[in-house]
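The lines below spell out each chain.
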Amino acid sequence: FARALLYGSVASMIIGVVWYSRELKLNGTDPHLIAWFSAGAFVLLGFPISMCGIFMHLTNYYQPNVQCYVVRILWMVPIYSIQSWLCLRYINVAIYIETLRDFYES
């Protein structure tokens, strides 16, 4: 049941983003704002899924040698998605936001 709910919500999010982007384009909205709204929808989709995976790994921390690396990799999804979304919105300070992301990456 949970898997069907996940797939259904992902499919409805993709359909909703495509439909909403089309409506914004037909109404003459700036393409930059269309990209920002679309990216925001996928941030809202990916962030909770990644945080759930991180939480599940930390509550079931039985193989610390492996799970510490898995948690590090899972943290990349929220960091990169939020960073990219903020850079789309605040173009003038994008270089500073990307620098913060590069600190985590290194």
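Okay, so let's go over this structure. (Residues numbered from 1 in each chain as written. Predicted model: local features only at pLDDT ≥ 70, side-chain atom pairs only at ≥ 80, totals over all residues. Heavy atoms only, no water.)

**Observations regarding the side chain of Ser 21**
We apply this condition: Strands are runs of DSSP state E lasting at least 2 residues, helices are runs of H or I lasting at least 4, and numbering of each runs from the N terminus. Polar contact is the term for a pair of N or O atoms within 3.5 Å; when the atoms are in protein, one must be able to donate a hydrogen and the other to accept it, and sequence-neighboring residues count only if both atoms are side-chain atoms. Residue contacts are counted whenever heavy atoms from the two residues lie within 4.5 Å of one another.
Mapped onto the elements, Ser 21 comes out in helix 1 (residues 2-26). Separated by 2.9 Å, the side chains of Ser 21 and Ser 38 make a polar contact. Not counting residues within four places of it along the chain, the set of residues in contact with Ser 21 comprises Ile 34 and Ser 38.

**So, the packing of helix 1 against helix 2 (residues 31-59)**
For clarity, the threshold we go by: Only the contacting stretch of a helix is used when fitting its axis, a line to C-alpha atoms as for every element, and angles between N-to-C directions run 0 to 180 degrees. Put simply, angles under 35 degrees are roughly parallel, angles over 145 are roughly antiparallel, angles from 65 to 115 are roughly perpendicular, and the rest are oblique. Three categories are distinguished: nonpolar for Ala, Val, Leu, Ile, Met, Phe, Trp, Tyr, Cys and Pro, charged for Asp, Glu, Lys and Arg, and polar for the others, with Gly belonging to the last.
Helix 2 packs onto helix 1 with a crossing angle of 170° between their chain directions and a minimal axis gap of 9 Å. Here helix 2 runs roughly antiparallel to helix 1, going by the angle between their axes. Residues Leu 6, Val 10, Met 13, Ile 14, Val 17, Tyr 20, Ser 21, Leu 24 and Lys 25 of helix 1 form the contact with helix 2, whose own contacting residues are Ile 34, Phe 37, Ser 38, Ala 41, Phe 42, Leu 45 and Ile 49. Of the residues contributing to the contact of helix 1 with helix 2, the split by class is 13 nonpolar, two polar and one charged.

**A short note on a nonpolar patch on the surface**
Rules: Each patch is built from residues lacking any salt bridge and having more than 30% relative accessible area; the joining distance is 9 Å for like charges and 5 Å for nonpolar side chains (Val, Leu, Ile, Met, Phe, Trp, Tyr). Every accessible area reported is derived by Shrake-Rupley at a probe size of 1.4 Å, with residue values counting cover from the shown protein chains alone. Basic side-chain nitrogens of Lys or Arg form a salt bridge, by our definition, when they fall within 4 Å of a carboxyl oxygen of Asp or Glu.
On the surface, a cluster of nonpolar side chains totalling about 410 Å² of accessible area is made up of Trp 19, Tyr 20, Leu 33 and Phe 37. Secondary structure elements with two or more residues in the nonpolar patch: helix 1 and helix 2. Mapping Trp 19 onto the fold places it in helix 1.

**Things to note about the pattern of salt bridges**
Oppositely charged side chains can pair when the atoms bearing their charge come close. Summed over the entire model, instances satisfying the criterion amount to two salt bridges. Note that Arg 22 is salt-bridged to Glu 23, the shortest N-O span being 3.4 Å. Here Arg 101 makes a salt bridge to Asp 102, at a shortest N to O gap of 3.0 Å.

**Quick word on the packing of aromatic side chains**
For the record, the criterion: Any pair of Phe, Tyr and Trp rings, taking the six-membered ring for Trp, is counted once the centres come within 6.5 Å. Such a pair is stacked with planes under 30 degrees apart, edge-to-face with planes over 60 apart, and tilted for the rest. Throughout, exposure labels follow a simple rule: accessible area from a 1.4 Å probe, protein chains only, divided by the maximum for the residue type, with under 20% read as buried, over 50% as exposed, and the rest as partly exposed. Either the NZ atom of lysine or the CZ atom of arginine qualifies as a charge over a ring when it sits within 6 Å of the ring centre and within 35 degrees of the ring normal.
This structure, assessed with the given rule, holds three aromatic pairs. When the centroid spacing of 6.2 Å and the interplanar angle of 85° are considered together, the rings of Tyr 20 and Phe 37 count as edge-to-face. With Tyr 20 in helix 1 and Phe 37 in helix 2, this residue pair connects regions lying 17 residues apart in the sequence. The class of Phe 37 is partly exposed, set by a relative accessible area of 37%. Through successive ring pairs, a cluster of aromatic residues spans Tyr 20, Trp 36, Phe 37 and Trp 85. Sitting over the ring of Trp 36, Arg 89 keeps its end group 5.5 Å from the ring centre.

**Quick look at helix 3 (residues 64-89)**
Worth spelling out the cut-off: To estimate the expected span of a helix, subtract one from its residue number and multiply by 1.5 Å.
Between its first and last C-alpha atoms helix 3 spans 38 Å; for 26 residues at 1.5 Å apiece the expected length is 38 Å, and the two agree. All buried positions along helix 3 are accounted for by Gln 67, Val 71, Pro 78, Ser 81, Gln 83 and Cys 87.

**A short note on the environment of Ile 82**
You can see Ile 82 is positioned in helix 3. A sequence separation of 40 residues divides Ile 82 from Phe 42, and the C-alpha atoms of the two residues are 9.9 Å apart.

**A word on helix 1**
Along its 25 residues, helix 1 runs 36 Å from first to last C-alpha, staying within 8% of the 36 Å computed at 1.5 Å per residue. Among all positions in helix 1, only Val 17, Ser 21 and Leu 24 are buried. In this fold, the buried residues of helix 1 make contact with helix 2. Where helix 1 ends, the next residue or the one after it, Gly 28, has phi of about 80°, a positive value.

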